[in-house]
Amino acid sequence: MSCACAGRACSVPDMPVQTRRLESLPSLGVTMLRGAVRRRRGPVALPEQALRVDDVAVDRERLARYQRQCGFPMNDLLPQTLPHLLGFPLHVTLLADPAFPLPVLGLVHVTNTITAHRALGADKTLDISVRAAHLRAHPKGRVVDIETTVVVAGERVWEGVSTYLARGGGEPRARRELSLHCTKAQFSFDFPPLAWRK
């Protein structure tokens, strides 16, 4: 299944062949510090690899706190936004890599697109993969997509695309992506979505 965002297809393609497996989710603070001081080396091109962590368990206490703070139902099902948060340390690890062509400091997170294929229970372990794709010119700089895939027992159950803007050196004639005008996340479900209390 695919969804539409900013007038273009945003279905997540298969991960590249080169996948670097990590033993656990990286420390967010340490990784962000490393990214803040690193200097980009090499050509202006995306690294041709994915990052993956298998068997990520959900912390029930943190799940309950997240549900309570965000107004989600207090039950054993994961809010559809939670896999994005679980994968975010991998996002930062990818962005902080010396081979990544854009600086971490100053990146603007402009839009999220989520496709949930089914509900996820807190008792499941998640295999989370991320990769960078679609580096492209923008009138205000350059934008890139960070694509996240969640697999449970061999089944792809959740996909997300986060688009980041690096300001500076823009191309005024570049086709303007509507992502800059998106003011809220976009969702697509293959099942009745969970209730969201406001």
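Residues numbered from 1 in each chain as written. Predicted model: local features only at pLDDT ≥ 70, side-chain atom pairs only at ≥ 80, totals over all residues. Heavy atoms only, no water.

A few points about the overall build of the chain
Phase 1 of the analysis: The number of helices and strands found in the chain is 3 helices and 9 strands.
Phase 2 of the analysis: Moving toward the C terminus, one meets the helices and strands of the chain in the order β-β-β-α-β-α-α-β-β-β-β-β.
Phase 3 of the analysis: Burial statistics for the chain: of 198 residues in total, 48% are counted as buried.
Phase 4 of the analysis: Here the contacts in the chain between residues at least 6 apart in sequence split such that 77% fall between residues at least 24 apart.
Phase 5 of the analysis: For the chain, the exposed area adds up to about 10,500 Å²; of that, 53% sits on carbon and sulfur atoms. (Helix = DSSP H or I, 4+ residues; strand = E, 2+ residues; numbered from the N terminus. Buried < 20%, exposed > 50% of the residue type's maximum accessible area, 1.4 Å probe, protein only. Contact = heavy atoms within 4.5 Å. Areas by Shrake-Rupley, 256 points an atom, 1.4 Å probe, with all protein chains shown as cover.)

Some remarks on helix α3 (residues 82-96)
Phase 1 of the analysis: The end-to-end C-alpha distance of α3, which contains 15 residues, comes to 22 Å, matching closely the 21 Å that a straight helix rising 1.5 Å per residue would cover.
Phase 2 of the analysis: The sharpest bend along α3 reaches about 40 degrees and sits at F88, with the proline P89 one to four residues further on.
Phase 3 of the analysis: Taking burial as the measure, the 15 residues of α3 include 13 buried ones, the bulk of the element. (Expected span 1.5 Å × (residues − 1). Bend = angle between axes of the 7 residues up to and from the residue.)

A short note on the pairing of strand β6 (residues 126-138)
Phase 1 of the analysis: β6 sits mainly inside the fold: 10 of its 13 residues count as buried.
Phase 2 of the analysis: Sheet analysis places β6 next to strand β7 (residues 141-152), joined by 10 bridges and oriented antiparallel. Note on β7: the bridge partner recorded for A137 is R142.
Phase 3 of the analysis: Where β6 folds back on β7, the antiparallel hairpin that results is connected by 2 residues. (Pairing = 2+ DSSP bridges.)

Regarding the nonpolar core
In a soluble, globular protein the nonpolar side chains are often hidden away together inside.
Phase 1 of the analysis: Formed by 35 residues in total, the largest nonpolar core has its most connected members in L78 and L126.
Phase 2 of the analysis: Broken down by secondary-structure element, the contributors of at least two residues to this core are β4 (50-56), α2 (60-70), α3, β5 (108-116), β6, β7 and β8 (155-167). (Core = buried A, V, L, I, M, F, W, Y, C linked by side-chain atoms within 4.5 Å.)

Digging into the confidence of the model for the chain
Phase 1 of the analysis: Looking at the chain, pLDDT values average 78 and 68% of them are 70 or higher.
Phase 2 of the analysis: Contacts from residues 1-16, a stretch scored under 50 in pLDDT, to residues over four places away or in other chains number 52 contacts.
Phase 3 of the analysis: In this model residues 193-198 is a low-confidence stretch, pLDDT under 50, and it forms 12 contacts with partners more than four residues away in sequence or in other chains. (pLDDT = per-residue confidence, 0-100.)

Remarks on the environment of A122
Phase 1 of the analysis: If you trace the backbone, A122 turns up in the loop between β5 and β6.
Phase 2 of the analysis: By relative accessible area, A122 is classed as buried at 5%.
Phase 3 of the analysis: In sequence terms A122 and P79 are 43 residues apart; their C-alpha atoms lie 9.9 Å from each other.
Phase 4 of the analysis: If near-sequence neighbours (up to four positions away) are discounted, A122 is found in contact with V58, R60, L63, D76 and L78.

Section: the environment of A57
Phase 1 of the analysis: Relative to the helices and strands, A57 is located in the loop between β4 and α2.
Phase 2 of the analysis: Here the alpha-carbon distance between A57 and D123, two residues 66 residues apart in the chain, equals 7.8 Å.

Regarding unusual backbone geometry
Phase 1 of the analysis: Here H134, not a glycine, exhibits a phi torsion of approximately 60 degrees, which is positive.
Phase 2 of the analysis: Tracing the backbone through its elements, the reader meets H134 in strand β6.
Phase 3 of the analysis: The partly exposed category is assigned to H134, whose relative accessible area is 41%.

Points about the packing of aromatic side chains
Phase 1 of the analysis: By the definition in use, this model includes 1 aromatic pair.
Phase 2 of the analysis: When the ring of Y66 is compared with that of F72, the centres are 5.8 Å apart and the planes differ by 25 degrees; the resulting orientation is stacked.
Phase 3 of the analysis: Given a relative accessible area of 16%, Y66 falls into the buried group.
Phase 4 of the analysis: With a relative accessible area of 6%, F72 lands in the buried category. (Phe/Tyr/Trp six-rings, centres within 6.5 Å; stacked < 30°, edge-to-face > 60°.)

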